[in-house]
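Descriptive structure summary
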There are 4 protein chains.
Amino acid sequence: MSRKIRYGMVGGGRGAFIGAVHRIAAAIDQQIELVCGAFSSDPQKSKDSGADLFLPADRCYGSYEEMIKAEAALPEGERMDFIAIVTPNHVHFPPAKMALEHGFHVLSDKPATFDLKEAQELAKLVEKTGLIYGLTHNYTGYPLVKQAREMVHNGTLGKIRKVVVEYPQGWLATKVEESGQKQAAWRTDPTKSGAAGCVGDIGTHAENLAEYISGLKISELAADLSTFVEGRLLDDDANILLRFDNGAKGVLHCSQISVGEENNLNIRVYGEKGSLEWHQKEPNTMLVKWLDQPMQVYRTANGYLGAAAAAGSRTPPAHPEGYLEGFANIYKNFANTIRARMEGREPTVIENDFPKIEDGVRGMAFIEAVVASSKANAAWTKVG
Amino acid sequence: MSRKIRYGMVGGGRGAFIGAVHRIAAAIDQQIELVCGAFSSDPQKSKDSGADLFLPADRCYGSYEEMIKAEAALPEGERMDFIAIVTPNHVHFPPAKMALEHGFHVLSDKPATFDLKEAQELAKLVEKTGLIYGLTHNYTGYPLVKQAREMVHNGTLGKIRKVVVEYPQGWLATKVEESGQKQAAWRTDPTKSGAAGCVGDIGTHAENLAEYISGLKISELAADLSTFVEGRLLDDDANILLRFDNGAKGVLHCSQISVGEENNLNIRVYGEKGSLEWHQKEPNTMLVKWLDQPMQVYRTANGYLGAAAAAGSRTPPAHPEGYLEGFANIYKNFANTIRARMEGREPTVIENDFPKIEDGVRGMAFIEAVVASSKANAAWTKVG
Amino acid sequence: MSRKIRYGMVGGGRGAFIGAVHRIAAAIDQQIELVCGAFSSDPQKSKDSGADLFLPADRCYGSYEEMIKAEAALPEGERMDFIAIVTPNHVHFPPAKMALEHGFHVLSDKPATFDLKEAQELAKLVEKTGLIYGLTHNYTGYPLVKQAREMVHNGTLGKIRKVVVEYPQGWLATKVEESGQKQAAWRTDPTKSGAAGCVGDIGTHAENLAEYISGLKISELAADLSTFVEGRLLDDDANILLRFDNGAKGVLHCSQISVGEENNLNIRVYGEKGSLEWHQKEPNTMLVKWLDQPMQVYRTANGYLGAAAAAGSRTPPAHPEGYLEGFANIYKNFANTIRARMEGREPTVIENDFPKIEDGVRGMAFIEAVVASSKANAAWTKVG
Amino acid sequence: MSRKIRYGMVGGGRGAFIGAVHRIAAAIDQQIELVCGAFSSDPQKSKDSGADLFLPADRCYGSYEEMIKAEAALPEGERMDFIAIVTPNHVHFPPAKMALEHGFHVLSDKPATFDLKEAQELAKLVEKTGLIYGLTHNYTGYPLVKQAREMVHNGTLGKIRKVVVEYPQGWLATKVEESGQKQAAWRTDPTKSGAAGCVGDIGTHAENLAEYISGLKISELAADLSTFVEGRLLDDDANILLRFDNGAKGVLHCSQISVGEENNLNIRVYGEKGSLEWHQKEPNTMLVKWLDQPMQVYRTANGYLGAAAAAGSRTPPAHPEGYLEGFANIYKNFANTIRARMEGREPTVIENDFPKIEDGVRGMAFIEAVVASSKANAAWTKVG
């Protein structure tokens, strides 16, 4: 095949945050091109946003409905191949559904939907249409996260006993949603964010990371949600006990009121023979601990890493890779899976390594279980 | 006064671990001298152990009962001033009780007693005798832990919202208690260790540290205890949700099966205006985080620290101070408080800064609450 | 203007390292597009390499000479705007010269040329043509490096007294150039690399970083070069004393035989009032030290940073930015400066912040001084 | 033998810094006791200082001459066994000489003497008397420094190629010697400190550490000394190129004007097969790097360490050991070597591991070479 994979974007107009991240992630490897967008519900803003991106005006739509219909009417090879959804949570499901129904693959920001019911419906639709659905739980795109997963999978650590995963942030420690901060406004609004605030926004990342690396499922949890900022309608802090399906135990805590924390997604996985520790803040380093030997420091892009980690790197050792490259790995694998289909072949294991609708359903089930547990004073609650 | 404070030791014979630590802690500042000991229940081993320490044979006793009686019969100025108890948990209370009843001050290793009932009885006896009781929750002896407490107390961080405290170790990840490892053997034996294993041994340190720094009390908790090593009789891992008396929330997790972890006591305290982070592994560094300013790195012994931290240092900045110096700060303050009494004056605030029987009672109440909660499937349980 | 800036690439065919980095750096911000290339001196390999990049065959040339001529014959708006040179050192000058002579802007990998004489000739040509020349001393593209420069420039640290800059690597600790490793082969070949090996490859990065941040010039140096791997023809290790034009002193050491070091470019700048420390390995953190206050930890993308650092970030705090983003900042500013010219305006200070031919001349003068000093047994030697 | 080793102290009266450190180092292991002192040249201050230490007034002397004579007149078993010299540099040699002449072993603070000539004379006297002389280059007392030495000695790293050692401090960045700061005053006074300032005070520690770990000797050096604080009479910053006797190269830089640095003694040793990195600020961690394997993190007190490191620890892993414990290891080994002689046996290899007069002579030769080289504009100068 001799062309780039084409996509259209829903959301991500001027001033948005995550839309720009998606576009960079798509652009890095030069295998994907943006061909259209419904960047804003304001048609003029959508056109202006598209013009910033050198898109022709007639491919800048005033709504995702318009875009999907118009693109579906274009010939293959001209029309978009997939849509990227970068809107607030309550606008994840509708465009995903419509795109699938019109034959487009979907790459959506997380969480997959507004609630579990939508996610389950979406899963059915993905299955029915046979189209490719990806979810940007981007932290699983880091090379060393892939290495961690591989080492657990290979039994290098022995049976997993404990997982500690945490995601403290501090940016909502004060009531910034009243200051006109758009990112804060919708995230703290239950009509846009969903049943949970902090847990939906970042707790699901922690949950996804823990399950991705450990290969385990959280079977039940006991959650204590808090809202520390007065008048806020959703949780801004969560402390959760975990039990996994293999008998492992765990702790997940996340917060958006932890003053001075940036994006401290951290995970420790303890097995019978060895342990892993990874910090998103310094994503190119992973600590590997042993019973009777010195701790080892795994670093991105070195020759001793496995195939998944190797495939996730674009530069030699000690050229630090960051958030955007990890994000781009989701795009890359997703697009390569589309490309495989175009080429009439199965995607490789590495190409097929990106979060899917099953992860989306897990995330929504996790949110619902957390909220239910917390309402029941942290009673143990099954997930899914 | 022109003499050192004198003490006798209960336990700590040849091959013991914590006894040697206590003796170093007592020796560092050259204000305290070891004058006698009941180092072992084997009289010959007690004498041999004492000989290693250059003690005369007639001050090396075969039991604490013998020691307390014999020393009590010596004239003041010759007899010991206090006893240091460094035995396994089930032999904390009896010598403490007897020493107090014979007029000796007591410095005991933690936890204070075998169970809460004993601790409460001991508290009454301390109050009744008016003698001085200290407990070696040694981590509160670190200068930067004192700085942390002072900063919280002064309101520098604003109202505290969240505390995350953790104490993972890995040394009991396999069944070392069957290998003749003496430290492991009694710690995993419910008749010697008490109702909890990991929680009693290190969980109480975490609990004490959290309450010491935050100035808060844990009001209730939800605990999930595990025993991962087959056949072990006590918990070797614990995940606990915390609620504090001011409405703050928290997480405490501790473990002795976290492969490759040494003694990773870590604490993060989040307030409305700022946050603190301290790691025992690098005890001379404390991170202080702010809403809108760069994180600061506080370091032991610098001029910008407060009085308590300053008093806890023996060397200039960047001469790393460690575990033994922190431990010695407990001894120093305890001994200075005895000295103050000898001199007929009140101890200063700094001298009086060491863990007391109240901390011991809290610790035992914590253990009992944790065990009760876990038995009730992590139901919320009041502490004390 | 409503189009992307266009470029052609010289070098960077299949299997090359730095060419791919340049293409990613150009692609990230979606403001620059690759329109042609002379990827290899083998015309078929050049076409194949171009096909991987979705370039039409007629824009994939068999030599830079062919490319420059052919592109010059295309109408503006179709032809490339600049060339990116990503060949080994001895092929930097010829295409740069020819491109300038044909009216194309030039972005070149470092060092600028094979020797100082070429660099001086190139500088004259740049001046004469008035075209824009950029050099990818990419480490100056990191946001915190820009912050460091700004803080020094603003006098925040006081007068600079000392600079310690180091760049140890370990990848040439054995004779890998004999194993078919292409990167190693030309870098250790004096006919391709130039008068210096390690010093030309990475020492110039250290030199450039020190001068960029400090705003000072190295006036003289005393260098001790070594070749540790037997039979190698160029230096693989260098230790250099520095004296700066304001009286400051310094040390620069670099190495490619420092086993286990990845790309540890580190710099410390000491002033009368404060100091800075930055490590490329963790590029989103910069330590700022003061006389009597706690050290501060500056982090990329926070609100307290200055304008240059802010402009260099694409994501919020704690979304780690890496090597590729820093590299992309060179491309971004270079391209924006071209765009400014197209728009008939002066570039802003931020747009104009990229390494230029003056930096290239400095680098070559540095190499020559180092080699001369070392031959004279580390005698003090003027730079330039 | 059934008694502690006894010592008298020269210097270290009230308000002194290093004297108190020596006393703690001697006290920690409870094998050494202070029996007398000439703490000050003011007899009353000497008595008062001794009283603080619970010494009888008649063992508190007004001068070292008085002390040595009086103690020599006491019977063995009552008199001191050795003297500890903790005075400024110009008062190291005289008491050392007199003590040796009166049959006392000597433990001296560093540098050994005021100049090289004195050191050579002292070396002859040590040889002639056959008494034991120790020098507190305390950093060699850290367990992981001993481990480093052992690993180099065992060939684990292969042939050593490069050593980078640095010791930046910032406490003399301003003219504190004029503020009444006693430590600063004598260190910047050439009549008390010797020919060098910064180099004598901390450069010798760096030199000693490099030679101790590498097992190599610095054969020649090129030094650039600076005095940044106006009016100061001695160097406060030094940058030095090193050549070792096996052909290895190196860099040593030290500074007392590096604002914000505490006591950052750092060393990196690069061999053909592996490398080591150790930072005094976090002395319980050593990084070990390999050609093709992940970096390892060695930590104090773990079972995988060698005999020398094991013997240097007093606590289990992750009970951080610090400056005082490292210092105490010098005292312990020195005292055990005295004890071996008392017992009529050879000291073990571990007991005999402490800096000796040979190290003292090396240090003074290093200082002289550095000063001579710097005067000759960094000309290469032989050491010793």
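Nothing here was measured: the structure is a model prediction, and the numbers come from that model. (Residues numbered from 1 in each chain as written. Chains lettered and ligands numbered in written order. Predicted model: local features only at pLDDT ≥ 70, side-chain atom pairs only at ≥ 80, totals over all residues. Heavy atoms only, no water.)

Quick word on the packing of aromatic side chains
In total, this model carries 44 aromatic pairs over all chains according to the counting rule given. Measuring from centroid to centroid gives 6.4 Å for Tyr 139 of chain A and Tyr 323 of chain A, while their planes differ by 55°, and the two rings are tilted. Taken together, the residues span a long stretch of sequence, with Tyr 139 of chain A in the loop between strand E5 (133-135) and helix H6 (143-153) and Tyr 323 of chain A in helix H11 (residues 323-342) at a distance of 184 residues. Tyr 323 of chain A sits in the buried class, given a relative accessible area of 3%. Each ring, one from Phe 82 of chain D and one from Tyr 331 of chain D, has its centre 6.3 Å from the other, and the planes form 50°; the classification is tilted. Highlighted residues: Phe 82 of chain D in strand E3 (residues 82-85) and Tyr 331 of chain D in helix H11 (residues 323-342), separated in sequence by 249 residues. (Phe/Tyr/Trp six-rings, centres within 6.5 Å; stacked < 30°, edge-to-face > 60°. Helix = DSSP H or I, 4+ residues; strand = E, 2+ residues; numbered from the N terminus. Buried < 20%, exposed > 50% of the residue type's maximum accessible area, 1.4 Å probe, protein only.)

Thoughts on the packing of helix H9 (residues 198-214) of chain B against helix H12 (residues 357-375) of chain B
Residue and element names in this part refer to chain B. Contact geometry of H9 with H12 gives a least axis separation of 10 Å together with a crossing angle of 120°. Between H9 and H12, the crossing angle belongs to the class labelled oblique. In the crossing of H9 with H12, the sense of the turn from one axis to the other is right-handed. Contacts from Val 199, Gly 200, Gly 203, Thr 204, Glu 207, Asn 208 and Glu 211 in H9 reach Asp 359, Arg 362, Gly 363, Phe 366, Ile 367 and Val 370 in H12. Grouping the amino acids of the contact of H9 with H12 by side-chain chemistry returns 4 nonpolar, 5 polar and 4 charged. (Axes fitted to C-alpha atoms, helices over the stretch in contact; angles between N-to-C directions. Parallel < 35°, antiparallel > 145°, perpendicular 65-115°, else oblique. Left-handed = near helix turned anticlockwise from the far one by under 90°. Contact = heavy atoms within 4.5 Å. Nonpolar A, V, L, I, M, F, W, Y, C, P; charged D, E, K, R; others polar.)

Some thoughts on the pattern of salt bridges
Counted by the stated rule, this structure contains 111 salt bridges over all chains. We note a salt bridge from Arg 59 of chain A to Glu 71 of chain A, for which the minimum N-O separation is 2.7 Å. Taken together, the residues Arg 59 of chain A in the loop between helix H2 (43-52) and helix H3 (64-72) and Glu 71 of chain A in helix H3 connect sequence positions 12 residues apart. Of the two residues examined, Arg 59 of chain A and Glu 71 of chain A, each falls in the buried class. One salt bridge in this structure joins Lys 146 of chain A and Asp 353 of chain A, with 2.7 Å as the shortest N-O distance. With Lys 146 of chain A in helix H6 and Asp 353 of chain A in the loop between H11 and helix H12 (357-375), this residue pair connects regions lying 207 residues apart in the sequence. Accessibility assignment for this pair places Lys 146 of chain A and Asp 353 of chain A in one class, buried. One salt-bridge network, in which partners are shared between bridges, spans Glu 220, Arg 243, Lys 249 and Lys 382 of chain A together with Asp 224 of chain B. (Salt bridge = Lys/Arg side-chain N within 4 Å of Asp/Glu carboxyl O.)

Examining the nonpolar core
By size, the foremost hydrophobic cluster in this structure holds 195 residues, and its most contacted members are Phe 82 and Leu 221 of chain A together with Phe 82 of chain C. Dropping the residues within four chain positions of it, Phe 82 of chain C is found in contact with Ile 5, Arg 6, Tyr 7, Gly 8, Ile 32, His 105, Val 106, Leu 107, Tyr 331, Phe 334 and Ile 338 of chain C. (Core = buried A, V, L, I, M, F, W, Y, C linked by side-chain atoms within 4.5 Å.)

Quick look at the pairing of strand E9 (residues 249-255) of chain A
Residues and elements named next belong to chain A. A large share of E9 lies buried, amounting to 7 of its 7 residues. Here E9 shows a buried face lined by Lys 249, Val 251, His 253 and Ser 255 and a second buried face lined by Gly 250, Leu 252 and Cys 254. Note: strand E6 (residues 160-168) against E9, 7 bridges, orientation parallel. From the neighbouring strand, Val 165 faces E9, where its bridge partner is Leu 252. Pairing geometry for strand E8 (residues 237-244) and E9, over 7 bridges, is antiparallel. (Pairing = 2+ DSSP bridges.)

Digging into the interface of chain A and chain B
Contact with chain A, which involves 46 residues of that partner, is made by 46 residues of chain B. Taking both sides of the interface into account, the surface hidden between chain A and chain B amounts to around 3400 Å²; carbon and sulfur atoms contribute 50%. Our count for the chain A to chain B interface comes out at 10 salt bridges. Of the charged contacts in the structure, one is a salt bridge between Arg 243 of chain B and Asp 224 of chain A, with a shortest N-O distance of 2.8 Å. Across the contact surface, chain A and chain B share 24 residue pairs in polar contact (both at pLDDT 80 or more). The class makeup of the residues in the side of chain A that touches chain B is 20 nonpolar, 13 polar and 13 charged. (Buried area = accessible area lost by both parts, 1.4 Å probe. Polar contact = N/O pair within 3.5 Å; in protein donor to acceptor, adjacent residues only side chain to side chain.)

Considering the sheet that holds E3 of chain D
Residues and elements named next belong to chain D. Strands sit in the order E2-E1-E3-E4-E5 across an open sheet of 5 strands; the sheet is parallel. Taken across any chain shown, the strands that pair with only one partner, and hence form the sheet edges, are strand E2 (32-38) and strand E5 (133-135). On average, each strand axis in the sheet is inclined to that of its neighbour by 25°, with strand direction left out of account. Bridge analysis of strand E1 (residues 5-10) against E2 gives 6 bridges, and the strand direction is parallel. Each residue of the ladder has a partner; that of Tyr 7, found in E2, is Leu 34. Of the strands in this sheet, E1, E2, E3, strand E4 (105-108) and E5 are in contact with H11, which crosses E4 at around 175°.

A word on the relation of the copies chain C and chain A
Under the fitted operation, chain C is carried onto chain A by 0.0 Å of movement along the axis and a turn of 180°, and the coordinates agree to an RMSD of 0.0 Å. Taken together, the rotation angle and the small translation identify this as a two-fold axis. The residues that chain C uses at the interface reappear at the interface of chain A in 100% of cases, marking a shared surface. (Least-squares fit on C-alpha atoms with pLDDT ≥ 70 in both.)

Regarding the domain arrangement of chain A
Residues and elements named next belong to chain A. Examined at the domain level, chain A breaks down into domain 1 (5-135) and domain 2 (142-321 + 362-382). Measuring from the centre of the C-alpha atoms in domain 1 to the corresponding centre in domain 2 gives 27 Å. The interface of domain 1 with domain 2 comprises 16 residues on the first partner and 17 residues on the second. Summed over both partners, the interface of domain 1 with domain 2 comes to about 1300 Å²; 57% of that surface belongs to carbon and sulfur atoms. Summed over the shared surface of domain 1 and domain 2, the result is 2 salt bridges. (Domains from an automatic or database assignment.)

Things to note about helix H3 (residues 64-72) of chain C
Residue and element names in this part refer to chain C. Residues of H3 that are buried include every one of Tyr 64, Met 67, Ile 68 and Glu 71, and no others. One side of H3 carries all its buried residues, which in axial view fall inside an arc of 95°. Lining the buried residues of H3 we find strand E1 (5-10), strand E2 (32-38), strand E3 (82-85) and helix H4 (93-101). (Arc of directions from axis to C-beta.)

Digging into the pairing of strand E4 (residues 105-108) of chain B
Residue and element names in this part refer to chain B. Of the two faces of E4, the one lined by His 105 and Leu 107 and the one lined by Val 106 and Ser 108 are each fully buried. Chirality of the crossover, the property in question, places the unit of strand E3 (residues 82-85), helix H4 (residues 93-101) and E4 among those that are right-handed. Pairing between E4 and strand E5 (residues 133-135): 3 bridges, direction parallel. For Leu 107, the partnering residue across the bridge sits in E5 and is Gly 134. (Right-handed = clockwise from strand over helix to strand, strands pointing away.)

Examining the interface of chain C and chain A
Contacts between the two partners involve 35 residues from chain C, matched on the other side by 35 residues from chain A. Carbon and sulfur atoms make up 63% of the surface buried where chain C meets chain A, a total of about 3000 Å² over both sides. On the chain C side of the interface with chain A, the three residues burying the most area are Phe 54, Glu 262 and Pro 320 of chain C, jointly 23% of the side's total. Of the charged contacts, one joins Arg 299 of chain A and Glu 262 of chain C as a salt bridge, the two residues approaching to 2.9 Å between their closest N and O atoms. Summed over the shared surface of chain C and chain A, the result is 8 residue pairs in polar contact (both at pLDDT 80 or more). Counting residues per element, the ones that place at least two in the side of chain C that touches chain A are helix H1 (18-27) and helix H11 (323-342) of chain C. Considered class by class, the residues forming the side of chain C that touches chain A number 15 nonpolar, 9 polar and 11 charged.

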